[in-house]
Amino acid sequence: MKGEAIFAVIAILFIASFFYGMAANPDSEFGGADGQAEDVIAEITDGQYEEWTADSWVNSVKFEPPGGETESLLFALQAAIGAIVLGYFFGYYKGKQQSE
Amino acid sequence: MHIFEGFLPSPWWQLWFVFSIPIIFFGIYRLNKLVSEKRELLPLLAVAGAFIFVLSSLKMPSVTGSSSHPTGTGMAAILFGPAIAAVLSTIVLLYQSIFLAHGGLTTLGANVASMGIIGPVVAYAIYKAGMKANINFYVVVFLAATFADWFTYVVTSLQLALAFPAEVGGFAASLKAFMLVFATTQVPLAIMEGALTALIFKYVIQVKSDALVELNVITESVLNKIRGTSQ
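Residues numbered from 1 in each chain as written. Chains lettered and ligands numbered in written order. Predicted model: local features only at pLDDT ≥ 70, side-chain atom pairs only at ≥ 80, totals over all residues. Heavy atoms only, no water.

The following threshold applies: UniProt positions are given in the numbering used here, feature names are shortened, and annotations may be inferred rather than shown by experiment.
Where an unreviewed UniProt entry is consulted, chain B appears under the name Putative cobalt transport protein CbiM, with the organism given as Methanococcoides cohabitans. For chain B, the Sequence similarities (unreviewed entry) comment in UniProt is given as "Belongs to the CbiM family." Per UniProt, chain B has the following entry under Function (unreviewed entry): "Part of the energy-coupling factor (ECF) transporter complex CbiMNOQ involved in cobalt import."

The name an unreviewed UniProt entry gives chain A is Cobalt transport protein CbiN, with Methanococcoides cohabitans as the organism. Turning to chain A, the UniProt record has this under Sequence similarities (unreviewed entry): "Belongs to the CbiN family." Reading the Pathway (unreviewed entry) entry of the UniProt record for chain A gives the comment "Cofactor biosynthesis; adenosylcobalamin biosynthesis."

Listed below in structure tokens is the structure:
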């Protein structure tokens, strides 16, 4: 139980740090850090830089989610697939260990 | 940590591919060898891959007022080494860039370099050094996973700063600006990831400790020591 207790303390500290972040940045939408990096690039290059792949073949092989909802769905799917695999094998190992 | 499609100009995106591709191929070679020689470890490999899958899908808010996601690569790096961690990360990054438009295909080389290669190498180095120095196993796992996550974002900042040196101040000024975005956001997330990875390792030790010995992750005597203190 010791490991879980330490983890719980760190998790609580993490959540507390998030609330501190909310208080410290009241106007923030908590957008992605990569989006912020885009702003830094724009600042450094004076807004001159444009993605060079905009009209290339690259974008045609990719599937762009039609909106935020579909994007959340795909992210949830990614987490779910991973969680199923994690749970399945931990359960498998545990069951095997108990039957030995 | 993804660098968006088209946001690395030539020659940088090509250079990062040149850096990453040989390591991915070496990882595939290592993976094939592992699967053919130690087939019974396949489930553990799936667990390490699934851990990356779950963690990199969680976009978490941070103190700086922006969101970012953990990487989950520390576990794979400790268990199977950085080369195999690179292959697992590449699979995740491909999923995200093709289906989610997060990260790019042209910037895949750079993203694999930061998340799949340099982060795991850092984890592996810290893990090996920590175990040699006889530090508590869980503390070493925590440190390895935390710094693997954090270094991923440091490297992303470095990659962007190399490609976009500022007119005033050059590379150093750009690095500072990108680090402010990526590296500071990532600090609480990295600590959280380190703690979670240590917890997962506790369960691996509980249910499948023989695999860790077989993979030379820990020795028999270290295992007995961990068991002695945790029970």
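**A short note on the nonpolar core**
Residues and elements named next belong to chain B. Selection criterion: By nonpolar core is meant a set of buried Ala, Val, Leu, Ile, Met, Phe, Trp, Tyr and Cys residues that side-chain atoms within 4.5 Å join together. Buried residues are those whose accessible area, probed at 1.4 Å on protein chains only, stays under 20% of the maximum for their type, while exposed residues exceed 50% and partly exposed ones sit between those limits. Secondary structure is summarised from DSSP: a helix means a run of H or I of at least four residues, a strand means a run of E of at least two, and numbering begins at the N terminus for each. By the convention used here, residues are in contact when the closest approach between their heavy atoms is within 4.5 Å.
Judged by nonpolar contacts, the single largest core of 83 residues is most densely connected at Leu79, Phe80, Tyr127, Phe137, Leu160, Phe178 and Ile218. Counting residues per element, this core draws most heavily on helix H7 (residues 170-214), which supplies 12 residues. Apart from the residues within four sequence positions on either side, Phe80 is in contact with Arg30, Leu34, Leu44, Leu45, Ala48 and Leu215.

**Brief notes about the interface of chain B and chain A**
Applied cut-off: Two parts placed together each lose some accessible area under a 1.4 Å probe, and adding up what both lose gives the buried area. We define a salt bridge as a contact between a side-chain nitrogen of Lys or Arg and a carboxyl oxygen of Asp or Glu at a distance within 4 Å. Nitrogen and oxygen atoms within 3.5 Å of one another constitute a polar contact, given that in protein one can donate a hydrogen and the other can accept it, and given that sequence-neighbouring residues count only through two side-chain atoms. Side-chain classes follow a simple rule in which Ala, Val, Leu, Ile, Met, Phe, Trp, Tyr, Cys and Pro form the nonpolar group, Asp, Glu, Lys and Arg form the charged group, and the remainder, Gly included, forms the polar group.
Residue-level contacts link 65 residues of chain B with 53 residues of chain A. In total, chain B and chain A occlude about 5300 Å² of area from one another, counting both sides; carbon and sulfur atoms represent 71% of this. Taken together, chain B and chain A are joined by three salt bridges. A salt bridge links Lys62(A) to Glu5(B); the nearest nitrogen and oxygen atoms lie 2.7 Å apart. Linking chain B with chain A are 22 residue pairs in polar contact (both at pLDDT 80 or more), by the criterion used here. Broken down by secondary-structure element, the contributors of at least two residues to the side of chain B that touches chain A are helix H2 (42-55), strand S1 (60-61), strand S2 (67-68), helix H4 (82-99) and H7 of chain B. In terms of residue count, H7(B) provides more of the side of chain B that touches chain A than any other element does, 19 residues in total. In terms of residue class, the side of chain B that touches chain A is made up of 42 nonpolar, 18 polar and five charged.

**Here we look at the UniProt feature "transmembrane region" (unreviewed entry) in chain A**
All names here are of chain A. Per the UniProt record, "transmembrane region" (unreviewed entry) is found at residues 5-23 and 73-93. Secondary structure over residues 5-23 splits into 100% helix and 0% strand, and the C-alpha atoms at its two ends are 27 Å apart. Within residues 73-93, the helical portion is 100% and the strand portion 0%, while the C-alpha atoms at the span's ends are 30 Å from each other.

**Regarding the packing of helix H3 (residues 73-80) of chain B against helix H6 (residues 137-163) of chain B**
Residue and element names in this part refer to chain B. Just so we agree on the cut-off: Interaxial angle, 0 to 180 degrees, is taken between N-to-C directions of lines fitted to C-alpha atoms, where a helix line uses only the stretch in contact. With respect to orientation, any angle under 35 degrees is reported as roughly parallel, any angle over 145 as roughly antiparallel, any angle of 65 to 115 as roughly perpendicular, and every other angle as oblique. By definition, turning the near helix anticlockwise from the far helix through less than a right angle yields a left-handed crossing, and turning it clockwise yields a right-handed one.
Relative orientation of the contacting elements H3 and H6 amounts to 125°, with a least axis distance of 8 Å. The pairing of H3 with H6 is recorded here as oblique in orientation. For the pair H3 and H6, the sense of crossing is right-handed. Counting all contacts with H3, which are made through Thr73, Gly74 and Ile78, the residues of H6 involved are Val141, Ala144, Ala145 and Ala148. Here the residues of the contact of H3 with H6 are counted per class, giving five nonpolar, two polar and no charged.

**Examining a nonpolar patch on the surface**
For clarity, the cut-off: Patch definition: residues above 30% relative accessible area lacking any salt bridge, with like charges linked at up to 9 Å and the nonpolar side chains Val, Leu, Ile, Met, Phe, Trp and Tyr linked at up to 5 Å. Calculation of accessible area relied on Shrake-Rupley with a 1.4 Å probe; when residues are assessed, cover is drawn exclusively from the protein chains displayed.
Nonpolar side chains collect at one region of the surface, where Ile135(B), Val139(B), Leu143(B), Phe147(B) and Phe151(B) lie side by side and expose about 360 Å² of accessible area between them. Structurally, Phe147(B) can be placed in helix H6.

**Overview of unusual backbone geometry**
What is expected of a backbone is that most residues other than glycine have negative phi and most peptide bonds are trans. In this chain, Ser10(B) is followed by Pro11(B) through a cis amide linkage whose omega measures 0°. Relative to the helices and strands, Pro11(B) resides in the segment before helix H1 (12-37). For Phe30(A), which is not glycine, the phi torsion reads 55° and is therefore positive. For Phe30(A), the position within the fold is in the loop between helix H1 (2-24) and helix H2 (33-44). Here Phe30(A) falls in the buried class, since its relative accessible area comes to 15%. We note that Asn134(B) has phi near 65°; this positive angle belongs to a residue other than glycine. With respect to the helices, strands and loops of the structure, Asn134(B) is situated in the loop between helix H5 (108-132) and H6.

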